[in-house]
Amino acid sequence: MNKSLLIIALVLGSSELNAQEFNQEIETRQKLFTEIEEKSDWVEDELEEDAPNWQDIENVSETLIKNTQQLETLFVTGSHENSRAKVSIWENHQEFKAALNDMLIGFESLHYASKLQKLTAAESGLEQAQDTCNGCHRRYRSLW
Ligand code: HEC
């Protein structure tokens, strides 16, 4: 193999390695987001029941908090490839983290309100979290 071919082979090989390096992070964050969507939809329906199951809502909102906290650790620099995460996440990282944190605060309010079985407070906590989804997707999630 001549020298330039060797270099090309090395470069190609290493970019493939890099992409694979983050497969785990990408898969996990997509799984966590999917679960967040399903579980917040479930809470939304449950809060509309005549007698919401507060114990279940409390447990589910704990999972919503944990998922969001875990997401905070999974947007590793360079992990946009083969994912729907846009590079702008790392160009505006403080703002991106602030948006994740707004979602977290919403789920924390929901959790707190569910312990006290306060319907209006629970609804507004959930709403605060759900208000963050679209804005963040518009800015930081690619369409495919
Ligand atoms: C701080 C920004 C941010 C917030 C807030 C946010 N998302 Fe996302 N979401 C993303 C990004 C970025 C991706 C793409 C992740 C990837 O592909 O690695 C994503 C992906 C997803 C996915 C797709 C998972 C897949 O399989 O591709 C779902 C579903 C989702 N989000 C739901 C939600 C819901 C529901 C909310 C609000 C309750 C929400 N997200 C809030 C940034 C956000």
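If you check an unreviewed UniProt entry, the protein chain appears there as Cytochrome c from Litoribrevibacter albus.

Draft legend 1. Region of the structure containing the packing of aromatic side chains. Enumeration over the complete set of coordinates arrives at three aromatic pairs. Measuring from ring centre to ring centre gives 4.8 Å for Phe75 and Phe96, while their planes differ by 70°; the resulting arrangement is edge-to-face. One end of the pair, Phe75, is in the loop between helix 3 (54-71) and helix 4 (88-91); the other, Phe96, is in helix 5 (residues 93-116), and 21 residues separate them in sequence. You'll find Phe75 and Phe96 in the same group, each marked buried. Both rings, one in Phe96 and one in Tyr140, keep their centres 5.2 Å apart while their planes meet at 90°; by these two values the pair is edge-to-face. Residue Phe96 is found in helix 5, and its partner Tyr140 is found in helix 6 (residues 119-140); the two are separated by 44 residues along the sequence. Residue classification places Phe96 among the buried residues on the basis of a relative accessible area of 4%.

Draft legend 2. Seen up close, the coordination of the iron atom of the ligand. No other protein atom reaches the iron atom of the ligand as a donor apart from His137 (NE2), found 2.1 Å away. With respect to the secondary-structure elements, His137 resides in helix 6.

Draft legend 3. Examining the site of the ligand more closely. Around the ligand, the structure places 22 residues, and the nearest of them are Arg29, Gln30, Cys133, Cys136 and His137. Gln30 has a polar side-chain atom sitting 2.8 Å from an oxygen atom of the ligand. For the ligand, a nitrogen atom lies 2.9 Å from a polar atom in the side chain of His137. The site holding the ligand turns out to be the largest pocket. Listed by contribution, the elements that provide at least two residues to the shell around the ligand are helix 2 (23-47), helix 5 and helix 6. Taken together, the residues that form the shell around the ligand break down as 13 nonpolar, five polar and four charged.

Draft legend 4. Structural view of the side chain of Ser142. The residue Ser142 is located in the segment after helix 6 in this model. Here Ser142 falls in the buried class, since its relative accessible area comes to 15%. If we skip the residues at most four places from it in the chain, Ser142 touches Ser83, Arg84 and Lys86.

Draft legend 5. Up close: the layout of surface pockets. Quantified by volume, the largest pocket comes out at close to 680 Å³. The wall of the largest pocket is formed by 28 residues, among which Phe33, Thr34, Cys133, His137 and Arg141 lie closest to the centre. Counting residues per element, the ones that place at least two in the lining of the largest pocket are helix 2, helix 5 and helix 6. The element that contributes the greatest number of residues to the lining of the largest pocket is helix 2, accounting for nine residues. Residue composition of the lining of the largest pocket, grouped by class: 15 nonpolar, eight polar and five charged.

Calculation notes
Residues numbered from 1 in each chain as written. Predicted model: local features only at pLDDT ≥ 70, side-chain atom pairs only at ≥ 80, totals over all residues. Heavy atoms only, no water. Phe/Tyr/Trp six-rings, centres within 6.5 Å; stacked < 30°, edge-to-face > 60°. Helix = DSSP H or I, 4+ residues; strand = E, 2+ residues; numbered from the N terminus. Buried < 20%, exposed > 50% of the residue type's maximum accessible area, 1.4 Å probe, protein only. Donors = N, O, S within 2.8 Å, 3.2 Å for Na, K, Ca; no water. Near = heavy atom within 4 Å. Polar contact = N/O pair within 3.5 Å; in protein donor to acceptor, adjacent residues only side chain to side chain. 1 Å grid on protein atoms, 1.4 Å probe; cavity = no way out; pocket = protein on both sides within 12 Å on 5 of 7 lines; lining within 4 Å. Sits in = over half its atoms within 2 Å of the grid points. Nonpolar A, V, L, I, M, F, W, Y, C, P; charged D, E, K, R; others polar. Contact = heavy atoms within 4.5 Å. Points joined across faces, edges and corners; volume = space filled by probe spheres on them.

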